[in-house]
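# What the coordinates show
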Amino acid sequence: HRLPMPNLKDELHSSGWSAGCTCFDNSTTKRNKLILPCLISSRIYVVDVGSQCRAPKLCKMIEPVDVFWKCNKGYLNVPRSLPNGDILIANTGDPSGNAKGGFIVVDGETFELKGNWENECEVPRSGYDFWYQPRHNVLISSAGIVPKRAGWGFNPNDLKQGVFGRHLNVWNLSCRTLTQCFDLGEDSLPLCVKFLHNPDAAEGYVSCALSGVVYRFYKCEANNWAVEEVIRIPAKDVTGWIMPKMPAFTVDLIISMDDKYLYLSNWLHGD
């Protein structure tokens, strides 16, 4: 079976389930809807994978204009289900393509757009990915790039000009406010964020694409978090490329279900 999308130029960049987070205490939660936010168009698709698992079908579509007008957000990326059943989607920009962090919320039952998630606080300059741990009342989000600049491809001239994100953000999950912000260094570009699967664990990892560094973030006291460098993949000396040194560009990060192993997708080095 193949399910065609009804629009062009969407860029289905990330996907997530309408329910079934690993932190849920309710094991009866069904993963029967697939959430597909669009990075370029800012459209949101909801796909029914429960009625006919071998023939998924489109059951809901939120148009970009609704996201623009209701949330003043755009360029949607990572969706995850919240403990209350709603769906949280990270955005990377505003409707004009300027960098802007934060999140939008979609109702987990009706799939109606509710609005912005953050509660009357200044949003990060840029955004990309996030993960959370309800038992520690925390959400960690990463930085990103300027959408309208990214559309032109990687430009070495953007380095040292503040185009690429460099911060890791700590949020109070219940209050929906930004509490800490870690500067990971110039042009670090922190992207993928993962907590350990153990819901009691107060630690996780973030991979930085341009610097090739993986940081561990952890709870150091009551409500404060800290970061430390744990992996650094050195840039390679190359010829015939756009720069004399090729960074690791570690984008995707996976932690094994037993929390023993960490896997990285190192795009530019090809491993």
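Analysis parameters
Residues numbered from 1 in each chain as written. Predicted model: local features only at pLDDT ≥ 70, side-chain atom pairs only at ≥ 80, totals over all residues. Heavy atoms only, no water. Helix = DSSP H or I, 4+ residues; strand = E, 2+ residues; numbered from the N terminus. Buried < 20%, exposed > 50% of the residue type's maximum accessible area, 1.4 Å probe, protein only. Contact = heavy atoms within 4.5 Å. Pairing = 2+ DSSP bridges. 1 Å grid on protein atoms, 1.4 Å probe; cavity = no way out; pocket = protein on both sides within 12 Å on 5 of 7 lines; lining within 4 Å. Points joined across faces, edges and corners; volume = space filled by probe spheres on them. Nonpolar A, V, L, I, M, F, W, Y, C, P; charged D, E, K, R; others polar. Domains from an automatic or database assignment.

### Thoughts on the environment of isoleucine 44
Looking at the secondary structure, you find isoleucine 44 in strand β3 (residues 44-48). Overall, isoleucine 44 belongs to the buried group, its relative accessible area being 1%. Isoleucine 44 sits 45 residues away from isoleucine 89 along the chain, and the two C-alpha atoms are 9.8 Å apart. When near neighbours in sequence (up to four residues on either side) are disregarded, isoleucine 44 contacts Ile35, Leu36, Pro37, Lys60, Met61, Ile62, Val67, Leu76, Ile89, Ile104 and Val106.

### As for the pairing of strand β5 (residues 74-81)
Taking burial as the measure, the eight residues of β5 include eight buried ones, the bulk of the element. Examined bridge by bridge, β5 and strand β6 (residues 87-93) share five bridges and lie antiparallel to one another. Within the sheet, the bridge partner assigned to serine 81 lies in β6 and is isoleucine 87. The hairpin formed by β5 and β6 contains five residues between the paired strands, and glycine 85 there has a positive phi angle of roughly 100°.

### Digging into empty space enclosed by the protein
If you walk through the whole model with that rule in mind, you get one cavity of 30 Å³ or more. When its volume is computed, the largest cavity comes out at roughly 50 Å³. Across the lining of the largest cavity, the residue classes tally to five nonpolar, six polar and one charged. Residue-level mapping places the lining of the largest cavity at the junction of two domains, with at least three residues from each of domain 1 (7-23 + 30-117) and domain 2 (128-270).

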